[in-house]
Amino acid sequence: MAWYNTTGRDQDVIVSSRVRFARNITDYPNEPKLDTASAREIISKVKNALGDNYKYIDFGSISDVEAASYAEKHIVSPEFAAKKSPHALFENEEKQIDIMVCEEDHLRIQCILAGSALEEAYRRACEADDLIDDNLNIAFDENLGYLTHCPTNLGTGMRASVMMFLPALTANREIAGLQNQLTKIGLTIRGMLGEGSAADGCLYQISNQITLGITEEETIKKLSGVIEQISKRERDLRKAIEGERKEYLYDKISRSYGTMLYAK
(Lines give C-alpha, C1' and ligand atoms only; values in the text may rest on other atoms or scores of the structure.)
Protein backbone atom coordinates (compact mmCIF):
# COMPACT_ATOMS: atom_id res chain seq x y z
CA MET A 1 0.00 0.00 0.00
CA ALA A 2 1.29 3.47 -0.92
CA TRP A 3 2.60 5.71 1.87
CA TYR A 4 -0.17 8.31 1.36
CA ASN A 5 -2.83 5.67 2.08
CA THR A 6 -1.31 4.66 5.42
CA THR A 7 -0.82 6.31 8.80
CA GLY A 8 2.50 6.75 10.55
CA ARG A 9 4.06 7.93 13.77
CA ASP A 10 3.96 11.68 14.62
CA GLN A 11 1.81 12.50 11.59
CA ASP A 12 0.50 15.66 13.24
CA VAL A 13 3.85 17.18 12.23
CA ILE A 14 5.68 14.63 10.05
CA VAL A 15 3.90 13.73 6.82
CA SER A 16 6.42 11.29 5.36
CA SER A 17 10.02 10.06 5.48
CA ARG A 18 12.10 9.31 2.40
CA VAL A 19 15.53 7.85 1.65
CA ARG A 20 16.89 7.90 -1.90
CA PHE A 21 20.11 6.52 -3.39
CA ALA A 22 21.65 7.68 -6.68
CA ARG A 23 23.56 4.92 -8.48
CA ASN A 24 25.16 4.45 -11.90
CA ILE A 25 26.32 1.41 -13.84
CA THR A 26 29.91 1.39 -15.11
CA ASP A 27 30.65 1.45 -18.87
CA TYR A 28 27.58 3.57 -19.63
CA PRO A 29 27.57 7.38 -20.02
CA ASN A 30 25.27 9.63 -18.01
CA GLU A 31 22.62 11.93 -19.38
CA PRO A 32 22.59 13.62 -21.88
CA LYS A 33 25.16 11.31 -23.54
CA LEU A 34 23.10 8.17 -22.91
CA ASP A 35 21.65 6.97 -26.24
CA THR A 36 18.46 4.98 -26.78
CA ALA A 37 20.17 1.60 -27.17
CA SER A 38 22.22 2.05 -23.98
CA ALA A 39 19.15 3.17 -22.02
CA ARG A 40 17.28 0.04 -23.07
CA GLU A 41 20.25 -2.12 -22.11
CA ILE A 42 20.34 -0.57 -18.63
CA ILE A 43 16.59 -1.11 -18.15
CA SER A 44 16.96 -4.75 -19.19
CA LYS A 45 19.89 -5.33 -16.82
CA VAL A 46 18.02 -3.77 -13.89
CA LYS A 47 14.94 -5.85 -14.69
CA ASN A 48 17.01 -9.06 -14.59
CA ALA A 49 18.79 -7.98 -11.38
CA LEU A 50 15.55 -7.27 -9.49
CA GLY A 51 13.76 -10.47 -10.47
CA ASP A 52 10.06 -11.06 -9.89
CA ASN A 53 9.66 -9.01 -6.70
CA TYR A 54 9.32 -5.73 -8.59
CA LYS A 55 6.55 -4.56 -10.89
CA TYR A 56 7.91 -3.16 -14.17
CA ILE A 57 6.35 0.00 -15.61
CA ASP A 58 7.54 1.17 -19.02
CA PHE A 59 7.05 4.94 -18.90
CA GLY A 60 7.25 5.10 -22.69
CA SER A 61 3.99 3.16 -22.95
CA ILE A 62 1.82 5.02 -20.43
CA SER A 63 -0.15 8.24 -21.02
CA ASP A 64 1.08 11.70 -20.03
CA VAL A 65 -1.73 11.92 -17.47
CA GLU A 66 -0.73 8.62 -15.85
CA ALA A 67 2.94 9.65 -15.82
CA ALA A 68 2.04 12.98 -14.20
CA SER A 69 0.04 11.17 -11.52
CA TYR A 70 3.20 9.34 -10.42
CA ALA A 71 4.94 12.70 -10.02
CA GLU A 72 2.02 14.09 -8.00
CA LYS A 73 2.30 11.11 -5.65
CA HIS A 74 6.03 11.90 -5.21
CA ILE A 75 6.94 8.48 -6.61
CA VAL A 76 8.91 9.97 -9.54
CA SER A 77 10.32 13.41 -10.29
CA PRO A 78 8.42 15.76 -12.67
CA GLU A 79 11.43 15.59 -15.03
CA PHE A 80 11.21 11.78 -15.09
CA ALA A 81 7.47 11.89 -15.79
CA ALA A 82 7.94 14.27 -18.74
CA LYS A 83 10.92 12.47 -20.27
CA LYS A 84 10.56 11.06 -23.79
CA SER A 85 13.62 8.79 -24.14
CA PRO A 86 13.48 5.20 -22.73
CA HIS A 87 12.95 5.14 -18.96
CA ALA A 88 11.17 2.84 -16.53
CA LEU A 89 9.94 2.45 -12.99
CA PHE A 90 10.22 -0.66 -10.82
CA GLU A 91 7.85 -0.89 -7.85
CA ASN A 92 7.80 -3.13 -4.81
CA GLU A 93 4.45 -2.24 -3.24
CA GLU A 94 4.91 -4.48 -0.19
CA LYS A 95 8.12 -2.72 0.91
CA GLN A 96 7.12 0.62 -0.64
CA ILE A 97 10.30 0.86 -2.71
CA ASP A 98 10.41 2.58 -6.10
CA ILE A 99 13.37 2.51 -8.48
CA MET A 100 13.57 5.02 -11.31
CA VAL A 101 15.78 3.84 -14.16
CA CYS A 102 17.37 6.32 -16.59
CA GLU A 103 16.53 9.49 -14.72
CA GLU A 104 19.39 11.96 -14.04
CA ASP A 105 21.36 8.93 -12.77
CA HIS A 106 20.96 5.42 -14.15
CA LEU A 107 19.15 4.39 -10.95
CA ARG A 108 17.30 6.30 -8.26
CA ILE A 109 16.37 3.87 -5.47
CA GLN A 110 13.90 5.30 -2.97
CA CYS A 111 11.65 4.31 -0.11
CA ILE A 112 8.90 6.61 1.17
CA LEU A 113 6.99 5.79 4.36
CA ALA A 114 4.23 7.64 6.17
CA GLY A 115 5.06 9.68 9.27
CA SER A 116 8.30 9.50 11.24
CA ALA A 117 10.04 6.42 9.81
CA LEU A 118 13.43 7.60 8.60
CA GLU A 119 15.42 4.64 9.95
CA GLU A 120 12.97 2.09 8.56
CA ALA A 121 12.97 3.81 5.15
CA TYR A 122 16.77 3.70 5.22
CA ARG A 123 16.79 -0.02 6.08
CA ARG A 124 14.43 -0.89 3.24
CA ALA A 125 16.29 1.27 0.70
CA CYS A 126 19.54 -0.46 1.74
CA GLU A 127 18.00 -3.86 1.00
CA ALA A 128 17.19 -2.78 -2.55
CA ASP A 129 20.59 -1.12 -2.91
CA ASP A 130 22.35 -4.33 -1.82
CA LEU A 131 20.35 -6.35 -4.36
CA ILE A 132 21.37 -3.96 -7.13
CA ASP A 133 24.99 -3.91 -5.97
CA ASP A 134 25.20 -7.72 -5.88
CA ASN A 135 23.96 -8.09 -9.45
CA LEU A 136 25.27 -5.03 -11.29
CA ASN A 137 28.65 -3.32 -11.62
CA ILE A 138 27.96 -0.01 -9.83
CA ALA A 139 30.31 2.93 -10.39
CA PHE A 140 32.33 3.50 -7.21
CA ASP A 141 35.62 5.19 -6.34
CA GLU A 142 37.60 4.58 -3.14
CA ASN A 143 38.11 8.32 -2.56
CA LEU A 144 34.92 9.82 -4.01
CA GLY A 145 32.45 7.10 -3.10
CA TYR A 146 29.53 6.44 -5.48
CA LEU A 147 30.00 8.26 -8.78
CA THR A 148 26.93 10.31 -9.66
CA HIS A 149 25.74 12.58 -12.45
CA CYS A 150 25.68 15.63 -10.18
CA PRO A 151 28.85 16.26 -8.09
CA THR A 152 26.72 17.28 -5.10
CA ASN A 153 25.65 13.63 -4.73
CA LEU A 154 29.18 12.18 -4.67
CA GLY A 155 30.01 10.05 -1.65
CA THR A 156 27.05 8.20 -0.25
CA GLY A 157 24.77 9.27 -3.10
CA MET A 158 22.04 9.41 -0.44
CA ARG A 159 19.37 12.02 0.11
CA ALA A 160 17.33 11.52 3.26
CA SER A 161 14.38 13.84 3.71
CA VAL A 162 11.35 14.36 5.91
CA MET A 163 8.19 16.17 4.80
CA MET A 164 6.94 18.32 7.66
CA PHE A 165 3.74 20.30 8.25
CA LEU A 166 4.83 23.49 10.03
CA PRO A 167 1.97 26.02 10.17
CA ALA A 168 2.93 27.40 13.62
CA LEU A 169 6.59 27.94 12.72
CA THR A 170 5.45 29.60 9.49
CA ALA A 171 2.98 31.87 11.26
CA ASN A 172 5.64 32.79 13.80
CA ARG A 173 8.07 33.66 10.98
CA GLU A 174 10.74 31.22 12.15
CA ILE A 175 11.40 29.44 8.85
CA ALA A 176 14.16 31.81 7.65
CA GLY A 177 16.01 31.45 10.95
CA LEU A 178 15.57 27.70 10.80
CA GLN A 179 17.09 27.66 7.31
CA ASN A 180 20.19 29.49 8.56
CA GLN A 181 20.63 27.06 11.45
CA LEU A 182 20.22 24.00 9.23
CA THR A 183 22.73 25.24 6.67
CA LYS A 184 25.43 25.43 9.34
CA ILE A 185 25.11 21.70 10.08
CA GLY A 186 24.86 20.45 6.49
CA LEU A 187 21.06 20.25 6.22
CA THR A 188 18.57 22.27 4.21
CA ILE A 189 14.86 23.14 4.12
CA ARG A 190 12.92 23.36 0.85
CA GLY A 191 9.36 23.58 -0.41
CA MET A 192 6.99 20.67 -0.87
CA LEU A 193 8.40 19.66 -4.28
CA GLY A 194 12.05 20.09 -3.36
CA GLU A 195 14.61 22.56 -4.66
CA GLY A 196 13.15 25.81 -6.00
CA SER A 197 9.56 25.02 -4.99
CA ALA A 198 7.24 26.94 -2.69
CA ALA A 199 6.12 25.67 0.71
CA ASP A 200 2.46 25.36 -0.29
CA GLY A 201 0.21 24.50 2.65
CA CYS A 202 3.10 25.03 5.09
CA LEU A 203 4.69 21.78 3.87
CA TYR A 204 8.49 21.65 3.93
CA GLN A 205 11.15 19.11 3.02
CA ILE A 206 14.10 18.94 5.40
CA SER A 207 17.03 16.94 4.06
CA ASN A 208 20.78 16.45 4.12
CA GLN A 209 22.91 18.67 1.89
CA ILE A 210 26.26 16.90 2.36
CA THR A 211 26.96 13.44 0.96
CA LEU A 212 30.77 13.43 0.82
CA GLY A 213 32.92 12.78 3.90
CA ILE A 214 30.04 11.50 6.03
CA THR A 215 28.51 8.03 6.38
CA GLU A 216 24.90 7.17 5.64
CA GLU A 217 24.32 6.25 9.29
CA GLU A 218 25.72 9.58 10.53
CA THR A 219 23.41 11.44 8.16
CA ILE A 220 20.32 9.54 9.34
CA LYS A 221 21.23 10.11 13.00
CA LYS A 222 21.82 13.84 12.52
CA LEU A 223 18.62 14.37 10.53
CA SER A 224 16.53 12.36 12.99
CA GLY A 225 17.78 14.44 15.92
CA VAL A 226 17.02 17.73 14.17
CA ILE A 227 13.53 16.58 13.11
CA GLU A 228 12.76 15.70 16.74
CA GLN A 229 13.73 19.22 17.87
CA ILE A 230 11.72 20.91 15.11
CA SER A 231 8.67 18.77 15.90
CA LYS A 232 8.83 19.78 19.56
CA ARG A 233 9.09 23.49 18.68
CA GLU A 234 6.15 23.23 16.27
CA ARG A 235 3.96 21.52 18.88
CA ASP A 236 4.91 24.05 21.58
CA LEU A 237 4.00 26.94 19.28
CA ARG A 238 0.69 25.33 18.36
CA LYS A 239 -0.25 25.10 22.03
CA ALA A 240 0.76 28.71 22.59
CA ILE A 241 -1.26 29.94 19.60
CA GLU A 242 -4.30 27.92 20.66
CA GLY A 243 -4.07 29.25 24.20
CA GLU A 244 -3.12 32.91 23.71
CA ARG A 245 -4.63 33.60 20.27
CA LYS A 246 -7.59 31.26 20.24
CA GLU A 247 -10.17 33.83 19.14
CA TYR A 248 -7.86 35.13 16.40
CA LEU A 249 -7.25 31.59 15.15
CA TYR A 250 -10.95 30.73 15.07
CA ASP A 251 -11.69 34.01 13.28
CA LYS A 252 -9.19 33.16 10.52
CA ILE A 253 -10.64 29.66 10.16
CA SER A 254 -14.20 31.02 9.97
CA ARG A 255 -13.23 33.63 7.38
CA SER A 256 -11.52 30.99 5.23
CA TYR A 257 -14.51 28.68 5.57
CA GLY A 258 -16.86 31.49 4.55
CA THR A 259 -14.77 32.32 1.48
CA MET A 260 -14.68 28.68 0.43
CA LEU A 261 -18.43 28.28 0.99
CA TYR A 262 -19.68 31.38 -0.85
CA ALA A 263 -17.01 32.35 -3.38
CA LYS A 264 -18.20 32.08 -7.00
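Residues numbered from 1 in each chain as written. Predicted model: local features only at pLDDT ≥ 70, side-chain atom pairs only at ≥ 80, totals over all residues. Heavy atoms only, no water.

Draft legend 1. Just the sheet that holds strand S1 (residues 14–23), in detail. Sheet architecture is open: eight strands sit in the order S2-S3-S4-S5-S1-S8-S10-S9, paired in antiparallel fashion. Of all strands in the sheet, those with a lone pairing partner are strand S2 (55–58) and strand S9 (187–190), marking the two edges. If you compare each strand with its neighbour and ignore which way they point, the axes differ by 20 degrees on average. Looking at chain direction, strand S3 (residues 88–92) and strand S4 (residues 97–101) are connected through five bridges and run antiparallel. Bridge pairing in S4 links alanine 88 to valine 101. Helix H7 (residues 216–244) rests against S1, strand S8 (158–165), S9 and strand S10 (203–208) of the sheet, and its axis sits at about 10 degrees to S8. (Pairing = 2+ DSSP bridges. Helix = DSSP H or I, 4+ residues; strand = E, 2+ residues; numbered from the N terminus. Axes fitted to C-alpha atoms, helices over the stretch in contact; angles between N-to-C directions. Contact = heavy atoms within 4.5 Å.)

Draft legend 2. View of the packing of helix H4 (residues 118–135) against H7. Viewed as axis vectors pointing N to C, H4 and H7 meet at an angle of 160 degrees, and their least axial separation amounts to 10 Å. Considering their axes alone, H4 and H7 lie roughly antiparallel with respect to each other. Considering the relative orientation of H4 and H7, their crossing is right-handed. In this structure, H4 contributes Leu118, Glu119, Tyr122 and Cys126 to the contact, and H7 contributes Glu216, Glu217, Ile220, Leu223 and Ser224. (Parallel < 35°, antiparallel > 145°, perpendicular 65-115°, else oblique. Left-handed = near helix turned anticlockwise from the far one by under 90°.)

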